Each structure stands twice: as structure tokens, then as C-alpha cells.
Amino acid sequence: MSQMKHIDNIPSTPGKFKMEKSPYNRLRLHSSLAKLTFWSFVFLGLIFVFFFRSPSSSSPESLTADPSRRSLRTSSYGGPDWEKRIKASAKVRSRNGMSVLVTGAAGFVGTHVSAALKRRGDGVLGLDNFNDYYDQSLKRARQALLERSGVYIVEGDINDVALLKKLFDIVQFTHVMHLAAQAGVRYAMENPSSYVHSNIAGLVSVLEVCKSVNPQPAIVWASSSSVYGLNTKVPFSEKDRTDNPASLYAATKKAGEEIAHTYNHIYGLSLTGLRFFTVYGPWGRPDMAYFFFTKDILKGKAIQIFEAANHGTVARDFTYIDDIVKGCLAALDTAEKSTGSGGKKKGPAQLRVYNLGNTSPVPVSDLVSILERLLKVKAKRTIMKLPRNGDVQFTHANISLAQRELGYKPTTDLQTGLKKFVRWYLSYYGNGKKSSQ
């Protein structure tokens, strides 16, 4: 508005014009104000419709029909029995243990982190919306696995602020492990709004609740190696620029890092972002290459192996799930307390970001060769050019900062990690006879 006033006060002929004496300029100012007011309401209306439309306002039929809103289904909750289960799950059973809310607990990383926290005596409560981005039965199987170890998963969505507030009313969480997100690089071309709902609006919902509770929890959350985008300098360091994303997924994760900085600066939230590098292992995600390569090799289907321009190698810094879990727990253990109270910052708060990778990039073609040996089946390879769908040619993590500050040290090479994955896959799916979507 001050800019508009400044512009309107510039005379067309210097020294011969005074705005307050010109009805034309008063009219022009009123017109500008009217336009500004109109477009402000339009913009706010769009934000309201896109971000804050309540999932409860839509019928189940409309939610099913609209895939962009499928991540916003929240089941009913409440009652003394429900609260009792929450308290039992979140109860700390070790000396100096923490009480952790794990979002995305039925996901790949969420399941392993929740189980590891519970094993060492921390209180753990899961939250997951069980959306249908990939096979829901796999998520339910992970849920059953956690329930056997005493971890209860509340079925609900991170955009349901009322639910989040209710959980904090029941349990005074010391930490939040925020892993809920819309994953996948290529799917963003099919359903972009789901990434905005989960990775941006969902993150804001979690941070809004965390900054308002007292005491505020420390927050560790999942960023991604995808933020490095089209960078060509390797290995990727936390000091490198991250302003050239190659996919919408990467852009939403980069936006998440900026949002985290804002909530740390204004509200004193202690925030640690973890940039995961191509996580793999048992109970993994079916949309990841190692997973669907295994499925297709066993079924005798051809698999597509991408190569970059001029027959360039496509490689990934594959990181085994157990190493990632160690990094997550180390981030939680070293997280300092948030400094805000009642939504107001009382002092400087911790703000960190770390690479969690393996530091040993492996060509995707070598990954396939390892799977062939483990499965004892020859893959039908089809070489394709790397499409412009968000995939990048290579990833390579510099983990020196995480080594120094978290004591992070990956120990599992790809051969060993894939052997463990294949053993799980054959046990769970039965040599490919059981359907894996």
C-alpha cells in the first residue's frame, strides 16, 4: 500500500503537480484501492478453498471421487477408551525417556522409527491417515506390527487441527517426529494438489499446534535429498544452494524448510530437518525402484532402467532403513527444547538440517544386478532415456555434519541391505505369488 502511495505521488511534470489538488489522482487512488481490495478478497478466498476447506464438509462420496483430497479423510475419534489407549501408548517406560508423537507412523520410515523408540522405552503415539497412494494393506500390516509392540496409531489427518489439539490435550508430548508427507517424485505430475495439502498445509497445521501448546515440543521432521534438485556439485552438502528443484515434490520440501525457519524465528520452535537419501529396506514403499524391480523380476516382466544423456549413468545414494532410524533417534536425542510459550518466542531456538545418506552412490544397473543374484532370476532389462518427470541423474550425500553433531555413521552396504529386503519380501509376498501393488 505504501508503494502504491509512493507511485501515485510521483508527478508527471516535476514541480508542477500536487496530488491533493487533483481530482483525477484522487479518482485513480480510489480505483487502485478498489482493485487492491477486490483482488485481496479473491486471493484470500482461493487460499481458504484450497488449504482450509474442512474434510468433514465433504461427503465420503466426493472424497472418493476427488483424488486430490483423498489424503484428508479423517475417521471419528474420542471417548474414554480411545483416550486410555493413547495414554498407554505414549507412556514413557525408561528413565529420561521422551514422549513422541510420530506422524506418518504407518509409513515406511515411520514404522521403523516408532518401533525403535518403543524398544528403548520411549512413549510413542502414532498418527496416520492410511491414504491410498500405495497398497493400504501394507500400511495395515505395519500398523498390526506396531500394535503388537504397544504402539497405537490414531487414524486421522495432520490437517485436522482439532484432532492434533486433542492429542496434545491428552498427552504432553516432549517431541514430535513429523514424517507424514505425500511422497514420490513422479506422482506429483498426476496429483499436484496432494503435495500441497500434505507437505505444505499439513506441515503448517502441525507447527501451528506445536507453537501454541505449553510447553512446546521439539520437532524433528523429514525433508528430502530432493531439495538439491539440479545441483551438479557432489557430494551434496547442507551448505549448497537448494533453489533449483527438479520436481514439485522437491519444491514442497524446500518450502517446508523455509516454513520451519519462519516458525523457529517467530515462535521459538526447536526444529531439525532431515534430508533422507533414497531409503530402502524391509517394509518399504512399493513405489520405490528396488521394490517394484523385485516384483517385476519375479513375475518375469521387463523393467525400465533409465540412463542420462550421452548414455550417462543414473545413480542413487541408497541408504538402509536401520541407518536412517539411527539418524532419526540421534536427532531426537540431541534436539534442544523449544523456547516459546503461549505462542510467543522467549529466546533463540535450535534450527538444524542434516543429510542422512550412505555416501556411496550406486548405479541403478548395479542395483538390478544385485537383485538378480539374490532372487536367482535374470531381469528383462529395457534401457530408457531419463524422462523429465522430476527424476535427477544422481544423488550423493556429504554426511560430515551429521557425523560430527549426531554421531551418525551408516554401516549397511547395498548388497547387505538388499539381502535383508529380499528375505522380507519373499516372506511377506511369498515368492511373488501374493499380490504387491
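Everything quoted here is computed from the prediction, not taken from an experiment.

### What about the nonpolar core?
One finds M177 and F276 to be the most contacted residues of the largest nonpolar core, which totals 82 residues. Within the second largest apolar cluster, 32 residues are counted, among which are V154, L163, F173 and A180.

### Considerations on the sheet that holds strand β4 (residues 175-178)
One open sheet accounts for seven strands, arranged β3-β2-β1-β4-β5-β6-β13; its pairing is parallel. Two strands lie at the open edges of the sheet, namely β3 (152-155) and β13 (351-356), each paired on one side alone. The mean inter-strand angle of the sheet, taken between neighbouring strand axes irrespective of direction, is 20 degrees. Bridge count for strand β6 (residues 271-276) against β13 is six bridges, and the pairing is parallel. Residue pairing across strands places T272 opposite R352, the latter belonging to β13. Of the strands in this sheet, β4, β5 (218-222), β6 and β13 touch helix α11 (residues 321-333), which is tilted by about 170 degrees from β6.

### Looking at helix α7 (residues 161-170)
Where α7 is concerned, the buried positions are L163, L164, L167, F168 and I170. Mapping the buried residues of α7 onto a view down its axis gives an arc of 160 degrees, with all of them on the same face. On its buried face, α7 is in contact with α4 (80-90), β1 (99-103), β2 (123-128), β3, β4 and α8 (192-212).

### Considerations on helix α9 (residues 248-267)
The end-to-end C-alpha distance of α9, which contains 20 residues, comes to 28 Å, matching closely the 28 Å that a straight helix rising 1.5 Å per residue would cover. Along α9, the residues that are buried comprise Y249, A250, T252, K253, G256, E257, I259, A260, Y263, N264 and Y267. Buried positions along α9 lie against α8, β5, β6, β11 (340-341), β12 (344-345) and β13. Of the residues one or two after α9, G268 is the one with positive phi, at around 75 degrees.

### Topic: the pattern of salt bridges
Scanning the entire structure with this criterion turns up 12 salt bridges. A salt bridge links K211 to E208; its shortest N-O distance comes to 3.7 Å. Of the two residues, K211 and E208 are both situated in helix α8; the distance of three residues between them amounts to about one turn of the helix. We classify K211 as buried; its relative accessible area is 13%. In this structure E208 comes out as partly exposed when scored by relative accessible area, which is 29%. With its nearest N and O atoms 3.1 Å apart, the salt bridge here joins K233 to D240.

### Some thoughts on the packing of α8 against α9
Following both chains from N to C, one finds α8 and α9 inclined at 15 degrees, their axes separated by 10 Å at the closest point. Considered as vectors, α8 and α9 are oriented roughly parallel to each other. Every pair of crossing elements has a handedness; the one defined by α8 and α9 is right-handed. Contacts from P192, Y195, N199, I200, L203, V204, L207, E208 and K211 of α8 reach α9 at L248, Y249, T252, K253, A255, G256, I259, A260, Y263 and Y267. Of the residues belonging to the contact of α8 with α9, the class tally is 13 nonpolar, three polar and three charged.

### Looking at the confidence of the model for the protein
Predicted confidence across the protein gives a mean pLDDT of 85, with 80% of residues reaching 70 or more. Throughout residues 1-74 the model reports pLDDT below 50, and contacts reaching past four residues in sequence, or to other chains, amount to 63 contacts.

### Here we look at the packing of aromatic side chains
Counted under the stated rule, the structure contains 28 aromatic pairs. A centroid spacing of 5.0 Å and a plane angle of 50 degrees characterise the contact between Y133 and Y187, whose relative ring orientation is tilted. With a gap of 54 residues between them, Y133 in the loop between β2 and α6 (136-148) and Y187 in the loop between β4 and α8 connect regions that are remote in the sequence. Neither Y133 nor Y187 differs from the other in exposure class; each is buried. With a centroid separation of 5.3 Å and 85 degrees between ring planes, the pair formed by F292 and F293 is classed as edge-to-face. Relative accessible area serves as the criterion here: at 22%, F292 is assigned to the partly exposed category. For F293, a relative accessible area of 3% gives the class buried. The structure contains a cluster of three or more aromatic residues connected by ring pairs, namely Y280, W283, Y290, F291, F318, Y320, F421, W424, Y425, Y428 and Y429. Residue placement shows K139 over the ring face of Y134; its charged tip is 4.6 Å from the ring centre. Sitting over the face of the ring of F130, R140 holds its NZ or CZ atom 3.8 Å from the ring centroid.

The rules behind the values
- Residues numbered from 1 in each chain as written.
- Predicted model: local features only at pLDDT ≥ 70, side-chain atom pairs only at ≥ 80, totals over all residues.
- Heavy atoms only, no water.
- Core = buried A, V, L, I, M, F, W, Y, C linked by side-chain atoms within 4.5 Å.
- Buried < 20%, exposed > 50% of the residue type's maximum accessible area, 1.4 Å probe, protein only.
- Pairing = 2+ DSSP bridges.
- Helix = DSSP H or I, 4+ residues; strand = E, 2+ residues; numbered from the N terminus.
- Axes fitted to C-alpha atoms, helices over the stretch in contact; angles between N-to-C directions.
- Contact = heavy atoms within 4.5 Å.
- Arc of directions from axis to C-beta.
- Expected span 1.5 Å × (residues − 1).
- Salt bridge = Lys/Arg side-chain N within 4 Å of Asp/Glu carboxyl O.
- Parallel < 35°, antiparallel > 145°, perpendicular 65-115°, else oblique.
- Left-handed = near helix turned anticlockwise from the far one by under 90°.
- Nonpolar A, V, L, I, M, F, W, Y, C, P; charged D, E, K, R; others polar.
- pLDDT = per-residue confidence, 0-100.
- Phe/Tyr/Trp six-rings, centres within 6.5 Å; stacked < 30°, edge-to-face > 60°.
- Lys NZ or Arg CZ within 6 Å of the ring centre and 35° of its normal.

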